[in-house]
Amino acid sequence: MDIFSKIAAGQIPSYKCAENDKFYAFLDINPVVKGHTLVIPRREVDYIFDMGDDEIAEFQTFAKQVAVAIRKAFPCKKVAQVVLGLEVPHAHIHLIPMNTEADVDFRREKLQLPAEEMQQTAAKIYEAFINA
């Protein structure tokens, strides 16, 4: 079981933003901006394009619902969607609130937010998600 599967199963703590029976969303612990969220399938699959057509459609629909919640919780011009990352062998989408393209620069220094602020951020997104 990879680290993202353990997170989705509750074996490793995370800052949960949204979930359903097939997908899970949680805050990136090294965010480029506040509200930077990862969306994963609960099923272990390394490469997003190895997912079946119906599954990837459901994945994108769930990611859209999370993006809407992020935008409600943290007003911004758009929520960027980025599929990037080789360090964890589990498909994932980065959802990043953005007001400029610089907000999506992964080379910039990552934020170090206190646990309390991370919890408040996740709670805001989760509340917007469940009240959509």
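So, here's what we can say about the structure.

Thresholds, definitions, all that
Residues numbered from 1 in each chain as written. Predicted model: local features only at pLDDT ≥ 70, side-chain atom pairs only at ≥ 80, totals over all residues. Heavy atoms only, no water. Core = buried A, V, L, I, M, F, W, Y, C linked by side-chain atoms within 4.5 Å. Buried < 20%, exposed > 50% of the residue type's maximum accessible area, 1.4 Å probe, protein only. Helix = DSSP H or I, 4+ residues; strand = E, 2+ residues; numbered from the N terminus. Contact = heavy atoms within 4.5 Å. Expected span 1.5 Å × (residues − 1).

Re the nonpolar core
Reasoning step 1: Residues V39, F62, V66, L95 and I125 are the most contacted members of the largest nonpolar core, which totals 29 residues.
Reasoning step 2: Of all the secondary structure elements, the ones that give two or more residues to this core are β1 (16-19), β2 (23-27), α2 (53-73), β5 (93-98) and α3 (115-130).
Reasoning step 3: Here this core takes nine residues from α2, the largest share from any one element.
Reasoning step 4: Apart from residues lying up to four places away in sequence, V39 is in contact with Y24, A25, F59, F62, A63, V66, A91, H92, I93 and L95.
Reasoning step 5: Judged by nonpolar contacts, the second largest core, of eight residues, contains I7, Y24, L38 and V88.

Topic: α2
Reasoning step 1: The end-to-end C-alpha distance of α2 is 30 Å, a good match for the 30 Å that 21 residues give at a rise of 1.5 Å each.
Reasoning step 2: Of the surrounding elements, those touching the buried residues of α2 are β1, β2, β3 (37-41), β4 (78-82), β5 and α3.

Note that all results are geometric; they support no functional claim without further evidence.
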